[in-house]
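Observations on the model geometry
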Amino acid sequence: MADVARLAQVSPQTVSRVLNDYAFIRPDTRDRVLQAIDVLDYRPNQAARTLATSRSRTIGVVATDYLSYGPAAALWGVERAAGEAGYGVSIVSLRESNHRAFTEAMQRLVGQSVEGIVMIAPQDQSTHEVFDAFDNVPVVTLSSFETGEHKPIMLDSAEGSRIATRHLVELGHTVIAHLSGPPRFTVSEERVRGWREVLAETGLAAPEPVVGDWTAESGYLVGRELAADRHVTAVYAANDRMAQGLLLALHEAGRRVPQDVSVVGFDDVPEAAYMIPPLTTVRQDFAALGRRCIEAVLALIGNEPRLEPDPLVPTLVVRESSGPAPR
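About the thresholds
Sequence order sets the numbering: in each chain, residues are counted from 1 along the sequence as written. In view of the model being predicted, local features appear only for residues whose pLDDT reaches at least 70, and side-chain atom pairs are presented and counted only at 80 or more, with totals across whole chains, interfaces and linings using the full set of residues. Water and hydrogen atoms play no part in the side-chain values, which are based on all heavy atoms of the structure. We count a stretch as a helix when DSSP gives it H or I for four or more residues in a row; a strand needs E for two or more, and each element gets its number in order from the N terminus. Three labels apply to residues, based on accessible area from a 1.4 Å probe with only protein chains included: buried if under 20% of the type maximum, exposed if over 50%, partly exposed otherwise in between. Whether two residues are in contact is decided by their heavy atoms, any of which lying within 4.5 Å being enough. Note on areas: Shrake-Rupley with a 1.4 Å probe; residue coverage comes only from the protein chains shown. Pairing of aromatic rings covers Phe, Tyr and Trp, the last through its six-membered ring, and needs centres within 6.5 Å; plane angles under 30 degrees mean stacked, over 60 mean edge-to-face, and all others mean tilted. Put simply, a charge is over a ring when the Lys NZ or the Arg CZ is close to the ring centre, within 6 Å, and near the line of the ring normal, within 35 degrees. Two strands form a pair only when DSSP identifies at least two bridges running between them. Orient the strands so they point away from the viewer, and a crossover whose first-strand-to-second-strand path over the helix runs clockwise is right-handed. The axes used here are C-alpha line fits, helices contributing only the stretch in contact, and every angle between their N-to-C directions lies in the interval 0 to 180 degrees.

1. A closer look at the overall build of the protein chain
Tallying secondary structure elements over the protein chain gives 12 helices and 10 strands in all. By the burial criterion, 50% of the 327 residues in the protein chain qualify as buried. Once local pairs closer than 6 in sequence are excluded, the contacts in the protein chain between residues at least 24 apart make up 69%. Per element, the accessible surface of the protein chain, about 16,300 Å² overall, is 51% carbon and sulfur.

Structure follows, in structure tokens:
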């Protein structure tokens, strides 16, 4: 920094102010400093800055299954929004979601002096309790419990399910099965709830959901059960990967989509438009979700009033996999 100051003919304090984007620096002074930084290829020492300012300007992210489209897209949205706000991101990935794994992840991030943490991971009550043990670090979750300190910043999964189920009801289907995600996931439970509510409103029976694990393989395996049930004329799958496996199971069973069975997914993965047939699905805005997470965690870091916006509402994308109920 002293070298930069000498070349720009300013004080080291002025260099520091330019680096920290102080608003009252004269434009010509700022330009000289930035030019000197470029000439000398100067890079601030982040560890030293953290010690000097007690600010790491880093957000921690705890993620699980981030190779799947939903978590990966949410992670991308969070990282992009953090960068736009001038923050870096430190990511800890989990092999499993339990109390010990969450505790170790929180300890690792707190040890890095992160200023806040975003959770992109399914949680149950035991992992929820971990947050209270680290109450000196602001935490924002993408999906959690409906009540309590850590209210989620999330998309409205229940409303997305209502939209998908209403679409099938309006097409005349009366036996609509649900291929759900694993139990204890808030997202799974919310999507089951939305599906059941629409069936109840329209006087239709709600069979027990067929449970998958978010993978295409599970969609295929349980899809063979659904394909064998000739009463089922429509299936709403809790994500597109399971819907993809379901489509293969229906094809192998000789059941045409959508002439015999309509299929609707959730997420709108990039491949959804290129499945056979192209998949009707519920689209989520993960970029907006990422921005909301960062806005919320920065508000907590700044001791501002907690942001609790209404959940984002997904939209239905209608393609060829859904059609009128067979007569």
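From this point, the narrative continues.
2. Let's talk about the packing of aromatic side chains
Aromatic ring pairs: the centre-centre distance and the angle between the two ring planes describe each pair. Here the structure, examined in full by the defined rule, presents zero aromatic pairs. The ring of Tyr87 carries Arg57 above its face, with NZ or CZ at 4.4 Å from the centroid. The ring of Phe266 is capped by Arg191, whose NZ or CZ atom sits 3.7 Å from the centre of that ring.

3. Digging into the pairing of strand β8 (residues 262-267)
On any regular strand, side chains alternate: one points to one face of the sheet, the next to the other face. β8 sits mainly inside the fold: six of its six residues count as buried. The sheet contact formed by strand β7 (residues 234-237) and β8 spans three bridges and is parallel. Opposite Val235, over in β8, you have Val263 as the bridge partner. Since β7 and β8 lie parallel, the crossover through helix α11 (residues 240-252) that links them has a hand, and here it is right-handed. Examined bridge by bridge, β8 and strand β9 (residues 280-283) share four bridges and lie parallel to one another. Its bridge partner being in β9, Val264 is matched across the sheet by Thr280.

4. Regarding the sheet that holds strand β2 (residues 88-94)
Strand order in the open sheet formed by four strands is β2-β1-β3-β4, with parallel pairing between adjacent strands. At either margin of the open sheet sits one strand with a lone partner, and together these are β2 and β4 (139-141). When strand polarity is set aside, the average angle formed by the axes of neighbouring strands in this sheet is 20°. Sheet analysis places strand β3 (residues 116-120) next to β4, joined by three bridges and oriented parallel. Bridge pairing links Ile117 to Val139 in β4. Seen against the sheet, helix α6 (residues 99-111) touches β1 (58-64), β2, β3 and β4 and runs at an angle of roughly 155° to β2. Seen against the sheet, helix α12 (residues 286-301) touches β1, β3 and β4 and runs at an angle of roughly 160° to β4.

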